[in-house]
Amino acid sequence: MEMLAYVNGEFLPESDAKISIFNHGFLYGDGIFEGIRAYSGRIFKLDLHLQRLYNSADAIHLEIPHTRDKMRELILRLCQRNNIEDGYIRPIVSRGAGDLGLDPRRCLEGPTVVIIARPFDLLYGDKYEKGLKLVTTSHRRVPSQCVSPNIKSLNYLNNILAKIEANMRGADEGLMLDLNGFVCEATADNFFIVRNGMVVTPPRVTNLQGITRETVLEIAEEMGLETREEFFSLYDVYGADEAFITGTAAEIGPVVDVDERIIGDGNPGKVTREIMGRFRDLVRTTGTPIQEKRL
Ligand code: PXG
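Residues numbered from 1 in each chain as written. Predicted model: local features only at pLDDT ≥ 70, side-chain atom pairs only at ≥ 80, totals over all residues. Heavy atoms only, no water.

> I tried to follow the site of the ligand on my own but got confused; where do I start?
Taken together, 20 residues lie near the ligand, and Tyr-156, Glu-185, Ile-211, Thr-212 and Thr-248 sit nearest. One of the side-chain nitrogen or oxygen atoms of Arg-90 is found 2.9 Å away from an oxygen atom of the ligand. Protein contact buries 87% of the 550 Å² of open area that the ligand shows by itself. Breaking the shell around the ligand down by element, the ones donating at least two residues are strand 6 (87-94), helix 6 (211-222) and strand 14 (242-247). In terms of residue class, the shell around the ligand is made up of 6 nonpolar, 9 polar and 5 charged. Both domains that meet at the shell around the ligand, namely domain 1 (4-119) and domain 2 (127-283), each give it at least three residues. (Near = heavy atom within 4 Å. Polar contact = N/O pair within 3.5 Å; in protein donor to acceptor, adjacent residues only side chain to side chain. Areas by Shrake-Rupley, 256 points an atom, 1.4 Å probe, with all protein chains shown as cover. Helix = DSSP H or I, 4+ residues; strand = E, 2+ residues; numbered from the N terminus. Nonpolar A, V, L, I, M, F, W, Y, C, P; charged D, E, K, R; others polar. Domains from an automatic or database assignment.)

Quick look at the structure:
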């Protein structure tokens, strides 16, 4: 049976779910979104994702036409109707349909709300065992003086250009630097190194405040490891004992090669593997139950 999607008040089969060609999300990338996962019938960190969605909306002066509770309920209802067990959920809110011209005041009908929820499993297949190869991209991360990387907006061209470059260079992911040459993040994931048992990731001003990133910092603390949020350069990456990326879609992806430098012994590191194991346990045992019988 075809999956349903939510579009401005209606649950429709995905093939009937449509928005206007004049939607400013389509015309100008004027909107925001979230990427959320469900594992074993539970939505992982739903409230943190909702909080980030509303924070992104505030940052772009967009008023989401539903309360946070209503959005939460719509997400749960869609997951219930689509029988989601292990899935990917994407709420999207755009400025809505309006005349040509980027002035948001042209969007007289108000914002468009779309929610997609579909089955999803592991992104990187056997790479969780073998490790990922990254290259540093020539595209620098857009600095917060221009657009804050903390806004999860519909403008992903900066990241897409970096991803295209990584694809062309035969890498699994691209590593992006800021204008000063400090490491920021991968194209859709945060980035960590492990050095002398210390778990280090760049401060959040230069990258998205990832929910998986926050979770990994908590897990590392529970493991009794020292964690740091500090700027570091490629020199620190090349000499790291271990490295990994974190993201809702990728989960925790061990990195074994950056710019043709082998990280550690070329296999996923011990600390990384321990964090991956704990993360898998956490996502399967916590989170908001989708089916009411489990509430
Ligand atoms: N940085 C960027 C630029 C992202 O887009 C992350 C870091 C990781 O954040 P979370 O909160 O997910 O740990 C992201 C998240 C997709 C997809 O469809 C992308 C993301 C999330 C879910 C799906 O490629 N990006």
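> Explain the layout of surface pockets here, please?
Where empty space is left can be seen by rolling a probe of water-molecule size over the atoms. Estimated volume of the largest pocket: approximately 570 Å³. As for the largest pocket, its lining consists of 29 residues, of which Lys-152, Tyr-156, Thr-187, Ala-188 and Asp-189 are closest to the centre. Broken down by secondary-structure element, the contributors of at least two residues to the lining of the largest pocket are strand 6, helix 5 (157-168), helix 6 and strand 14. In terms of residue class, the lining of the largest pocket is built from 11 nonpolar, 9 polar and 9 charged. (1 Å grid on protein atoms, 1.4 Å probe; cavity = no way out; pocket = protein on both sides within 12 Å on 5 of 7 lines; lining within 4 Å. Points joined across faces, edges and corners; volume = space filled by probe spheres on them.)

> Explain helix 2 (residues 46-59) to me, please; I cannot follow it from the model alone.
The end-to-end C-alpha distance of helix 2, which contains 14 residues, comes to 20 Å, matching closely the 20 Å that a straight helix rising 1.5 Å per residue would cover. Taken as a whole, helix 2 has its buried residues at Leu-46, His-49, Leu-50, Arg-52, Leu-53, Tyr-54, Ser-56 and Ala-57. Phi turns positive, to about 55 degrees, at His-61, one or two residues after helix 2. (Expected span 1.5 Å × (residues − 1). Buried < 20%, exposed > 50% of the residue type's maximum accessible area, 1.4 Å probe, protein only.)

> Honestly, the nonpolar core in this entry has me stumped. Any pointers?
Side chains of a nonpolar character, in soluble globular proteins, are inclined to be buried together. Counting 39 residues, the largest nonpolar core has Leu-134, Val-183, Phe-191, Ile-193, Val-237, Phe-244 and Ile-245 as the members making the most contacts within it. Here the element with the most residues in this core is helix 8 (residues 270-285); it accounts for 5 residues. (Core = buried A, V, L, I, M, F, W, Y, C linked by side-chain atoms within 4.5 Å.)

> What exactly am I supposed to notice about empty space enclosed by the protein here?
Overall, the coordinates contain 3 cavities of 30 Å³ or more when judged by the stated rule. Reported here for the largest cavity is a volume of approximately 60 Å³. If you list the elements that add at least two residues to the lining of the largest cavity, you get strand 4 (36-39) and helix 6. Counting residues domain by domain, the lining of the largest cavity receives three or more from each of domain 1 (4-119) and domain 2 (127-283).

> Any chance you could explain the pairing of strand 15 (residues 251-258) here in plain terms?
It is a general feature of regular strands that their side chains alternate between the two faces of the sheet. Taken across its 8 residues, strand 15 has 8 buried, putting it largely inside the fold. Across 3 bridges, strand 8 (residues 132-136) lies against strand 15 in parallel orientation. Its bridge partner lying in strand 15, Lys-133 is registered against Asp-257. Across 5 bridges, strand 14 lies against strand 15 in antiparallel orientation. (Pairing = 2+ DSSP bridges.)

> Would you mind going over a nonpolar patch on the surface with me for this structure?
Among the surface-exposed residues, Ile-21, Phe-22, Phe-26, Tyr-28, Leu-100 and Leu-102 lie close enough to one another that they form a single nonpolar patch of about 660 Å² accessible area. When you line up the elements, Leu-102 lands in the loop between strand 6 and strand 7 (112-119). (Patch = residues over 30% accessible without salt bridge, like charges linked within 9 Å, V, L, I, M, F, W, Y side chains within 5 Å. Salt bridge = Lys/Arg side-chain N within 4 Å of Asp/Glu carboxyl O.)

> Teacher, can you tell me more about the domain arrangement of the chain here?
Much of the literature gives interface size as the accessible area that the parts lose upon coming together. Its domain assignment divides the chain into domain 1 (4-119) and domain 2 (127-283). Taking the mean C-alpha position of each, domain 1 and domain 2 sit 27 Å from one another. Each side of the interface is counted separately: domain 1 has 22 residues, and domain 2 has 19 residues. In total, domain 1 and domain 2 occlude about 1,700 Å² of area from one another, counting both sides; carbon and sulfur atoms represent 63% of this. Summed over the three residues of domain 1 that lose the most area to domain 2, namely Phe-33, Phe-44 and Arg-52, the buried surface amounts to 35% of that side. Our enumeration of links across domain 1 and domain 2 arrives at 2 salt bridges. The salt bridge partner of Lys-45 is Glu-218, with a shortest N-O separation of 3.6 Å. Along the contact surface separating domain 1 from domain 2 lie 11 residue pairs in polar contact (both at pLDDT 80 or more). Broken down by secondary-structure element, the contributors of at least two residues to the side of domain 1 that touches domain 2 are helix 1 (24-28), strand 3 (31-33), strand 4, helix 2 and strand 6. (Contact = heavy atoms within 4.5 Å. Buried area = accessible area lost by both parts, 1.4 Å probe.)

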